[in-house]
Amino acid sequence: MKRRTPLIVWLLVLLVCAVGVSRTRFTADLSAFLPSAPTEAQALLVDLLRDGVASRMLLIGIEGGDAGARKQASQALAGALRASPAFVAVSNGESIGTDKDQRWLFDHRYRLSPAVTPERFSVAGLHAAIAESIDLLASSAGLLLKPIIARDPTAETLQVIEHFSRYRDAPTQAGLWTSRDGARTLLLATTAASGADTDGQAAAIATLRATFARLTTGAGHENLRLLVSGPGVFAVNARATIKDEVARLSSTGAALILILLLLIYRSPTALLLGLAPVATGALAGICAVSLGFGQVHGITLGFGLPLLGEAVDYAIYYFIQRDGADAGRFWRTIRLGVLTSVFGFGALLVTGFPGLAQVGLFSMTGLVTAVLTTRYVLPALTPARFAIRDVSVLGRGLRWLMGRSRRVGLLPLVAGALAAATLYVHRDHLWHHELGALSPVPEADQQLDARLRQDLPAPDVRFLVVASAHDADTALARAEGLGKVLDRLAADGRIGGFDSPARFLPSRATQAARIAALPDADTLRTRLAAATADLPLRADKLGPFIDDVAAARHAPALTRASLDGTALALAVDAMLIHHDSTWRALMPVRAVDDAHPIDPRAVRAALEASGVPDAVFVDIKSESERLYAGYLHEARTAAGGGVLAILILLAIALRSPARLLRLALPLLATVLVVIGALSLAGERLTLLHLVGMLLVVAVGSNYALFFDAGEHGTDGPSLRTLASLVVANLTTLAGFGILALSSVPVLHAIGIVVGPGALLALVFSALMHPATGPRRT
């Protein structure tokens with residue numbers, strides 16, 4: 001019964017954890033990694049990453065072949081994509097949208113046209129507008145105007161098209177967007193899937209590529225090439241790269257660990273038993289985070305699971321040392337090692353970022369559960385005659401190092417001092433302060449995106465003017481007010497242009513003002529007679545115009561629902577975001593050109609002078625860097641607090657300054673040497689390197705504690721104890737060292753720190769703990 005009790009408790013814990021995990025809500029909502037009290041700009045940044053206009057946009061180029069082939073391919077591709085449900089808007093420089101979009105625009109022209117004023121519908125205004133329309137009939141615009149001039153003699157349709165296309169100044173050839181050198185035609189496509197929907201983005205990109213291949217093959221234009229970029233392409237490619245590298249490197253690392261442990265244990269049973277602490281710890285960690293925060297973020301698992309790598313070592317220590325060690329001393333050492341890790345990771349709990357706190361709680365719960373499983377469940381699961389072969393020989397290398405500590409025992413301190421000097425010299429270039437450092441997007445893809453974005457009239461995602469309100473109509477009205485400010489800045493050459501949702505969906509007040517400018521049918525008929533007296537277009541031909549104006553006067557106001565089924569709906573949805581109780585009208589602002597960048601202070605000053613409430617100017621790049629800098633600062637502060645807590649814990653437990661120094665100095669030297677080497681190699685540190693350092697301290701503290709416990713035993717650490725440290729270190733090297741080969745920054749950073757760091761921590765600890773005498777197992 002004594003043997004069964006731990007098993008029963010363990011199975012109950014597993015059952016509870018399994019139920020808890022099945023009910024856990026996993027999320028990828030980036031707001032979990034916002035500060036507890038985010039600024040307006042930081043909250044906006046997350047909304048943009050999730051649903052913003054730029055997150056859905058694909059930049060497309062067609063190059064190769066001749067200009068005629070590229071034009072034909074552009075028109076055919078745009079037409080096919082507009083018919084696809086995967087896309088809600090496709091532009092290539094042709095006049096606006098589909099026939100349906102044009103009909104909608106024509107039907108609502110009097111509510112959309114900024115030219116509609118009382119003066120325009122006076123006798124003089126009508127005369128001037130109709131005369132201008134007659135002149136336009138002789139131009140290229142006449143092709144569009146001629147069929148509708150009896151219904152639209154003031155050319156409000158052209159006014160709306162010009163208003164929608166304002167500030168979109170991409171070069172054109174034969175009516176289509178082209179690059180500045182004319183080598184490729186260009187398109188902008190907006191996906192139906194949100195930027196956060198990577199599966200939807202992947203499906204849209206696959207549809208685009210398949211459609212292009214089908215059209216060019218059918219037309220005999222196989223020499224044309226398709227270029228695609230944008231946030232969706234980055235997300236899809238990054239996911240594929242991470243998935244491929246995680247599968248390849250983790251399977252390789254796992255295979256190496258399995259082969260290594262099989263060679264050492266020569267027991268498949270030991271392998272299976274060794275998984276129990278890690279699996280139980282992971283399940284308990286997920287349940288604890290779910291209970292504590294109501295959800296578990298995917299990034300928490302990404303950061304937390306590597307930190308559980310320390311749990312793998314517990315089973316190794318147990319299997320190798322169980323038959324020869326002082327059990328009491330062994331478990332006291334393990335307990336102190338776990339406590340140091342818990343104190344270290346516990347510092348993350350008090351940060352202002354819920355995401356970091358989740359990582360701390362996950363790691364603490366996982367490690368405590370793993371060591372309890374090792375302490376009470378593994379002995380009960382282990383068969384009565386279970387034994388692994390004697391691996392004491394593996395500890396002779398460490399014993400040899402310990403024997404030379406009197407001659408080279410100061411080597412870790414010298415190496416640490418040199419590394420510290422190196423870090424001081426490189427202190428200004430030590431940390432990477434841009435969020436892009438964590439991006440797995442290759443440089444070539446980033447260059448293609450910059451090239452296409454420079455050629456296309458795509459919104460600049462860096463600068464935004466944002467109007468916020470508690471309802472959509474107020475946000476649109478405020479956007480209209482800010483639009484006047486931005487128009488003046490554009491006229492002064494301070495900005496190149498901007499987009500606004502209010503262009504496609506004017507506020508109710510603006511619509512009402514325009515409708516109020518329309519005269520009734522009798523008045524309009526009288527004014528037309530006078531206005532067209534000396535024009536070739538006579539009033540008696542304009543009966544449809546009078547009917548349309550009368551209909552517009554009594555039509556209901558446009559709402560967001562009025563745009564359903566048109567490409568304009570997405571333009572509004574992308575720039576008019578609703579989150580919680582706030583509506584935000586986003587107005588992307590572009591610079592004039594590279595030589596004339598936007599002056600944020602001038603724009604902010606103009607916005608403040610406008611008197612429009614709740615208006616902000618956001619530099620997305622600077623804001624993302626500030627957010628990342630906040631993360632780095634919090635993480636470094638937490639790491640420093642964790643180290644201090646560990647030192648206090650060890651000082652209390654060891655009750656000896658000399659022992660404390662001998663235990664802590666190898667770890668300090670290890671971290672300094674690893675960081676110094678990375679700095680010399682030109683690698684700048686990120687948040688992921690810091691996570692790797694935490695794991696090095698956690699794993700290395702276990703090594704140092706075993707050396708310390710052995711040193712204060714009868715005659716030093718036994719060969720069996722040293723062998724268990726070697727095996728644990730080899731598995732850490734196999735599991736994490738291989739990650740250093742990854743091209744994915746998240747994997748590379750942890751691997752390049754933990755692999756070498758774990759090895760150095762073991763070697764340095766051995767050198768700083770002299771052998772007190774040979775002890776045979």
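Note that the structure is a prediction, hence the values are computed from the model and not measured.

A.B. asks: Explain the overall build of the protein chain residue by residue, including any values.
C.D. replies: In terms of helices and strands, the protein chain carries 30 helices and 13 strands. Burial status across the protein chain gives 53% buried among its 777 residues. Partitioning the contacts of the protein chain with sequence separation of at least 6, the portion at a separation of at least 24 is 82%. On the protein chain, roughly 33,500 Å² of surface is accessible, and the fraction owed to carbon and sulfur atoms is 61%.

A.B. asks: So what's going on with helix H22 (residues 521–531)? Which residues, and what values?
C.D. replies: Buried residues of H22: Leu524, Leu528 and Ala531, and no others. All buried residues of H22 fall inside an arc of 65° around its axis, so they share one side. Turned more than 90 degrees off the buried face of H22, the exposed positions are Asp522 and Thr526. Turning to H22, the residues buried within the fold contact helix H6 (123–136) and helix H23 (543–554). Its side-chain oxygen at 3.2 Å from the backbone nitrogen of Asp522, Asp520 defines the N-terminal cap of H22.

A.B. asks: Can you break down the side chain of Thr369 residue by residue, with the values?
C.D. replies: With respect to the secondary-structure elements, Thr369 resides in helix H15 (residues 354–381). With relative accessibility at 13%, the residue Thr369 sits in the buried group. One polar contact links the side chain of Thr369 to the main-chain carbonyl oxygen of Thr365, over a distance of 2.7 Å. Apart from residues no more than four positions distant in its own chain, Thr369 is found in contact with Thr280, Gly281 and Ala284.

A.B. asks: So what's going on with the sheet that holds strand E2 (residues 57–63)? Which residues, and what values?
C.D. replies: Across the sheet, which stays open at both edges, the 4 strands sit in the order E3-E6-E2-E7 with antiparallel pairing between neighbours. Only two strands of the sheet have a single partner each, and these edge strands are strand E3 (87–91) and strand E7 (225–229). Strand after strand, the sheet turns through a mean of 25° between neighbouring axes, direction not considered. Strand direction decides the pairing type here: E2 and strand E6 (residues 184–191), joined by 7 bridges, are antiparallel. Along E6, the bridge assignment pairs Ile62 with Thr185.

A.B. asks: Could you give an account of the nonpolar core, naming the residues involved and the relevant values?
C.D. replies: Grouped burial of nonpolar side chains is what soluble globular proteins tend to show. Residues Tyr265, Phe319, Ile334, Leu398 and Leu725 are the most contacted members of the largest nonpolar core, which totals 88 residues. Ranked by residues supplied to this core, first place goes to helix H28 (residues 687–711) with 13 residues. In this view, Tyr265 contacts Ala270, Leu271, Ala315, Ile316, Phe319, Ile320, Ile388 and Arg389; residues no more than four positions away in its chain are not counted. Grouped together as the second largest cluster of nonpolar side chains are 39 residues, Leu558, Leu568, Ala585 and Phe617 included.

A.B. asks: Provide a residue-level description of the confidence of the model for the protein chain, including the pertinent values.
C.D. replies: Should the pLDDT be low somewhere, the predicted coordinates at that spot are not to be read in detail. Residues at a pLDDT of 70 or more form 89% of the protein chain, whose mean pLDDT is 83. This stretch, residues 773–777, has a pLDDT under 50; its non-local contacts, to residues over four places away or in other chains, come to 16 contacts.

A.B. asks: Tell me about the environment of Arg248, residues and numbers included.
C.D. replies: By secondary structure assignment, the location of Arg248 is in helix H10 (residues 231–265). For the pair formed by Arg248 and Leu739, sequence separation is 491 residues and the distance between their alpha carbons is 10.0 Å.

A.B. asks: So, the packing of aromatic side chains: which residues are in play, and what are the values?
C.D. replies: What describes a pair of aromatic rings is the distance from one ring centre to the other and the angle between the planes of the rings. Within the structure shown, the criterion is met by 9 aromatic pairs. With a centroid separation of 5.7 Å and an interplanar angle of 80°, the aromatic rings of Tyr265 and Phe319 are classed as edge-to-face. Taken together, the residues Tyr265 in helix H10 and Phe319 in helix H13 (residues 309–321) connect sequence positions 54 residues apart. By relative accessible area, Tyr265 is classed as buried at 3%. With a centroid separation of 5.6 Å and 55° between ring planes, the pair formed by Tyr318 and Phe319 is classed as tilted. Overall, Phe319 belongs to the buried group, its relative accessible area being 1%. Through successive ring pairs, a cluster of aromatic residues spans Tyr265, Tyr317, Tyr318, Phe319, Phe330, Trp331 and Phe706. The residue whose ring lies beneath Arg503 is Phe498, and the NZ or CZ to ring-centre distance is 4.6 Å.

A.B. asks: If you had to explain the environment of Ser679 to someone new, which residues and values would you point to?
C.D. replies: Here Ser679 shows up in helix H27 (residues 657–680). What makes Ser679 buried here is its relative accessible area of 10%. Sequence-distant contacts of Ser679, that is, excluding residues within four places in its chain, are made with Leu423, His426 and Leu430.

A.B. asks: Break down helix H19 (residues 443–455) for me, citing the residues and quoting the values.
C.D. replies: Here H19 is 13 residues long and its end C-alpha atoms lie 19 Å apart, about the 18 Å a rise of 1.5 Å per residue gives. Listing the buried residues of H19 in full gives Leu448, Asp449, Leu452 and Asp455. Viewed along the axis of H19, the buried residues span an arc of 135°, placing them on a single side of the element. Packed against the buried residues of H19 are E2, E6, E7 and H10.

A.B. asks: So, unusual backbone geometry: which residues are in play, and what are the values?
C.D. replies: For Ala155, which is not glycine, the phi torsion reads 60° and is therefore positive. Along the chain, the position of Ala155 falls in the loop between helix H7 (142–145) and helix H8 (156–164). Unlike most non-glycine residues, Asp614 shows phi in positive territory, near 55°.

A.B. asks: I'd like to hear about the pattern of salt bridges, residue by residue, with values.
C.D. replies: A side chain of one charge can pair with a side chain of the opposite charge if their charged atoms are brought near each other. Tallied over the full model, the rule gives 12 salt bridges. Here Asp152 ties to Arg109 by a salt bridge, and the two come within 3.7 Å at their closest N and O atoms. Of this pair, Asp152 sits in the loop between H7 and H8 while Arg109 sits in helix H5 (residues 109–112), and the two are 43 residues apart along the sequence. Across this residue pair, the class does not change: Asp152 and Arg109 are buried. Measuring nitrogen to oxygen at the nearest pair gives 3.7 Å for the salt bridge that ties Asp499 to Arg503. A residue is classified by how much of its surface remains accessible, and Asp499, at 4% relative accessible area, is buried.

A.B. asks: If you had to explain the packing of helix H14 (residues 327–346) against H15 to someone new, which residues and values would you point to?
C.D. replies: H15 packs onto H14 with a crossing angle of 170° between their chain directions and a minimal axis gap of 8 Å. One element, H14, and the other, H15, form an angle in the roughly antiparallel class. Along its contact with H14, which presents Trp331, Ile334, Val338, Ser341, Val342, Phe345 and Gly346, the element H15 presents Gly360, Ser363, Met364, Leu367, Val368, Val371, Thr374 and Arg375.

A.B. asks: Account for a nonpolar patch on the surface, with residues named and values stated.
C.D. replies: Side chains of Ile8, Leu12, Leu15 and Val19 sit close together on the surface and give an oily, nonpolar patch of about 360 Å² of accessible area. Relative to the elements of secondary structure, Val19 occurs in helix H1 (residues 4–22). Note on Val19: relative accessible area 38%, which makes it partly exposed.

Cut-offs and rules
- Residues numbered from 1 in each chain as written.
- Predicted model: local features only at pLDDT ≥ 70, side-chain atom pairs only at ≥ 80, totals over all residues.
- Heavy atoms only, no water.
- Helix = DSSP H or I, 4+ residues; strand = E, 2+ residues; numbered from the N terminus.
- Buried < 20%, exposed > 50% of the residue type's maximum accessible area, 1.4 Å probe, protein only.
- Contact = heavy atoms within 4.5 Å.
- Areas by Shrake-Rupley, 256 points an atom, 1.4 Å probe, with all protein chains shown as cover.
- Arc of directions from axis to C-beta.
- Polar contact = N/O pair within 3.5 Å; in protein donor to acceptor, adjacent residues only side chain to side chain.
- Pairing = 2+ DSSP bridges.
- Axes fitted to C-alpha atoms, helices over the stretch in contact; angles between N-to-C directions.
- Core = buried A, V, L, I, M, F, W, Y, C linked by side-chain atoms within 4.5 Å.
- pLDDT = per-residue confidence, 0-100.
- Phe/Tyr/Trp six-rings, centres within 6.5 Å; stacked < 30°, edge-to-face > 60°.
- Lys NZ or Arg CZ within 6 Å of the ring centre and 35° of its normal.
- Expected span 1.5 Å × (residues − 1).
- Salt bridge = Lys/Arg side-chain N within 4 Å of Asp/Glu carboxyl O.
- Parallel < 35°, antiparallel > 145°, perpendicular 65-115°, else oblique.
- Patch = residues over 30% accessible without salt bridge, like charges linked within 9 Å, V, L, I, M, F, W, Y side chains within 5 Å.

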